[in-house]
Amino acid sequence: MQIGLISDCLSHSDLPILLRHYQQLGISQIEIGTGNFSSAPHCDLSHLVQDTGARTRWLQHFQQHNITISALNCSGNILDADETRRTNAQAVFRHTVELAAQIGVSTVVCMSGCPGEPTGKGHFPNWVTCDWQPEFLTLLNRQWDEIVLPFWQDAAQQLHQHGIRAALELHPGQVVYNPATFLRLHAVTGDVIGINLDPSHLFWQGIEPIRVIERYGAHIYHVHAKDCWIDADEMALNGGLDMRHGAQVTRAWQHCLWGEGHSDHYWRRFVHALHAQGYTGTLSIEYAGNGTDILGDIHRTRAFIERTLPT
């Protein structure tokens, strides 16, 4: 396994400075944000897809610094109820798949999307989280049958044609947010989609990431290194579905750096579980510090992860 970093963690730096930071931090793998939820300052996606010379010059930056692109990340709501947002998000997804094929990167990290009502009249996504009252299941089934499955069946063909696999982040607010919803989608797409395992989003749902690795390790195509601190008292009182913003109150959970929410013993077990399942990819750091010392936080996180790797 290699230690990597998502480019958005240092979005304030231009590409040459970004890559120098990577060298100084001792990180050789980069996950490039290409758009949607990413500000994508390091990737002019449409230009790179269209211009062979621009791609060559862009790739030379990474080669000169001995940095390998582990994945392209276009996470966004590709099923958004708003037509303009949906069209833009899907264009970024499709162009990202094209770019990945052009530069020989096999994995695109993304999210499954979250529609609104299938009537087409709404402008907001609607994430169904409860099977009662009855209308919720009616909405959910229509979302899957009329929007989710048709899009992903078509996307799976594009992925297959380009020889690319999509690693879906199991992210609350999206239709695929846990193993059960992933398997529902995988049943119609096959192995061109897998899991981007970000344990931070599993913890506050009450999901045990190591259990997921042990059960579904063959489907894990990419891993985000991000932790989640749980306030046991708030979790017992208000649970994980807490809509209060974490910067304003002490809610039941808060994203944090690896090692700040769970012990080094836990993360050694996590990494060893991945190793036992044959995962040889990247542990890609997603920054979740307070922003006062980003480079220092990333350096400490890299050193922490390094101590958990199998010898």
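Here is what the cut-offs are and how they apply
Residues numbered from 1 in each chain as written. Predicted model: local features only at pLDDT ≥ 70, side-chain atom pairs only at ≥ 80, totals over all residues. Heavy atoms only, no water. Axes fitted to C-alpha atoms, helices over the stretch in contact; angles between N-to-C directions. Helix = DSSP H or I, 4+ residues; strand = E, 2+ residues; numbered from the N terminus. Parallel < 35°, antiparallel > 145°, perpendicular 65-115°, else oblique. Left-handed = near helix turned anticlockwise from the far one by under 90°. Contact = heavy atoms within 4.5 Å. Nonpolar A, V, L, I, M, F, W, Y, C, P; charged D, E, K, R; others polar. Buried < 20%, exposed > 50% of the residue type's maximum accessible area, 1.4 Å probe, protein only. Pairing = 2+ DSSP bridges. Right-handed = clockwise from strand over helix to strand, strands pointing away. Salt bridge = Lys/Arg side-chain N within 4 Å of Asp/Glu carboxyl O. Core = buried A, V, L, I, M, F, W, Y, C linked by side-chain atoms within 4.5 Å. Phe/Tyr/Trp six-rings, centres within 6.5 Å; stacked < 30°, edge-to-face > 60°. Lys NZ or Arg CZ within 6 Å of the ring centre and 35° of its normal.

Peer 1: Even after reading the chapter, I still don't get the packing of helix α5 (residues 134-162) against helix α6 (residues 179-189), so can you show me in this structure?
Peer 2: Helix-helix packing: each pair is described by the crossing angle between the helix axes and the interaxial distance. Axis separation between α5 and α6 bottoms out at 9 Å; the angle between their running directions is 50°. Classed by the angle they form, the pair α5 and α6 counts as oblique. Of the two possible hands of crossing, α5 and α6 adopt the one that is right-handed. Across from Asn-141, Trp-144, Val-148, Leu-149, Trp-152, Gln-153 and Ala-156 in α5, the residues of α6 making contact are Thr-181, Arg-184, Leu-185, Val-188 and Thr-189. The residue inventory of the contact of α5 with α6, partitioned by class, reads 7 nonpolar, 4 polar and 1 charged.

Peer 1: What is the right way to look at the pairing of strand β2 (residues 29-33) in this model?
Peer 2: Looking along a regular strand, one sees side chains alternate from face to face of the sheet. Burial runs high along β2: 5 of the 5 residues are buried. By the alternation rule, side chains of β2 split into Gln-29, Glu-31 and Gly-33 and Ile-30 and Ile-32, which are all buried. Pairing analysis gives 3 bridges linking strand β1 (residues 2-6) to β2, with the strands arranged parallel. Its bridge partner being in β2, Gly-4 is matched across the sheet by Gln-29. In terms of handedness, the path from β1 via helix α1 (residues 15-25) over to β2 forms a crossover that is right-handed. Inspection of the sheet shows β2 paired to strand β3 (residues 68-73) by 5 bridges, in the parallel sense. Residue pairing for β3: Gly-33 is matched across the bridge by Asn-73.

Peer 1: Help me understand the pattern of salt bridges in this model?
Peer 2: As a working rule, side chains carrying opposite charge can pair if their charged atoms are close by. If you walk through the whole model with that rule in mind, you get 11 salt bridges. One salt bridge connects Arg-268 with Asp-264, and the closest N-O pair in it is separated by 3.3 Å. Within this pair, Arg-268 and its partner Asp-264 are both found in helix α10 (residues 264-276), separated by 4 residues, close to a single helical turn. Classification of Arg-268 by relative accessible area gives partly exposed; the value is 32%.

Peer 1: Mind showing me how you'd approach the nonpolar core here?
Peer 2: Proteins that are soluble and globular tend to have nonpolar side chains buried together. Residues Trp-152 and Phe-270 are the most contacted members of the largest nonpolar core, which totals 89 residues. The greatest single-element share of this core, amounting to 10 residues, is contributed by α5. If sequence neighbours within four positions are ignored, Phe-270 has contacts with Leu-197, Pro-199, Pro-209, Ile-210, Ile-213, Val-223 and Trp-258.

Peer 1: Mind showing me how you'd approach the packing of aromatic side chains here?
Peer 2: The description of two aromatic rings rests on the distance between their centres and on the angle between their planes. A complete count under the given rule lists 12 aromatic pairs for this structure. Judged by centre distance (4.1 Å) and plane angle (15°), the ring pair of Trp-258 and Trp-267 falls under stacked. In this pair, the class of Trp-258 matches that of Trp-267, namely buried. Here the aromatic cluster, defined as three or more aromatic residues joined through ring pairs, consists of Phe-203, Trp-258, Tyr-266, Trp-267 and Phe-270. Just above the ring of Tyr-221 sits the side chain of Arg-165; from NZ or CZ to the centre is 4.2 Å. The aromatic ring of Trp-253 is capped on one face by Arg-251, whose charged end is 3.6 Å from the ring centroid.

Peer 1: Honestly, the environment of Thr-138 in this entry has me stumped. Any pointers?
Peer 2: Tracing the sequence through the fold places Thr-138 in helix α5. For Thr-138, a relative accessible area of 49% corresponds to the partly exposed category. Between the C-alpha atoms of Thr-138 and Gly-278, which are 140 residues apart in sequence, the distance is 40 Å.

Peer 1: Would you take a moment to explain the side chain of His-262 for this structure?
Peer 2: Relative to the elements of secondary structure, His-262 occurs in the loop between β9 (253-256) and α10. In this structure His-262 touches Phe-203, Asp-227, Cys-228 and Trp-267, once residues within four positions along its chain are discounted.

Peer 1: I'm lost on unusual backbone geometry in this one. Help?
Peer 2: Peptide bonds are mostly trans, and most non-glycine residues show a negative phi. The omega torsion across Trp-132 and Gln-133 is 25°, close enough to zero to call that bond cis. Despite not being glycine, Ala-40 has its phi angle at roughly 50°, a positive value. Note on placement: Ala-40 falls in the loop between β2 and α2 (45-50). Even without being a glycine, Asn-66 presents a positive backbone phi close to 55°. Within the secondary structure, Asn-66 is located in the loop between α3 (52-64) and β3.

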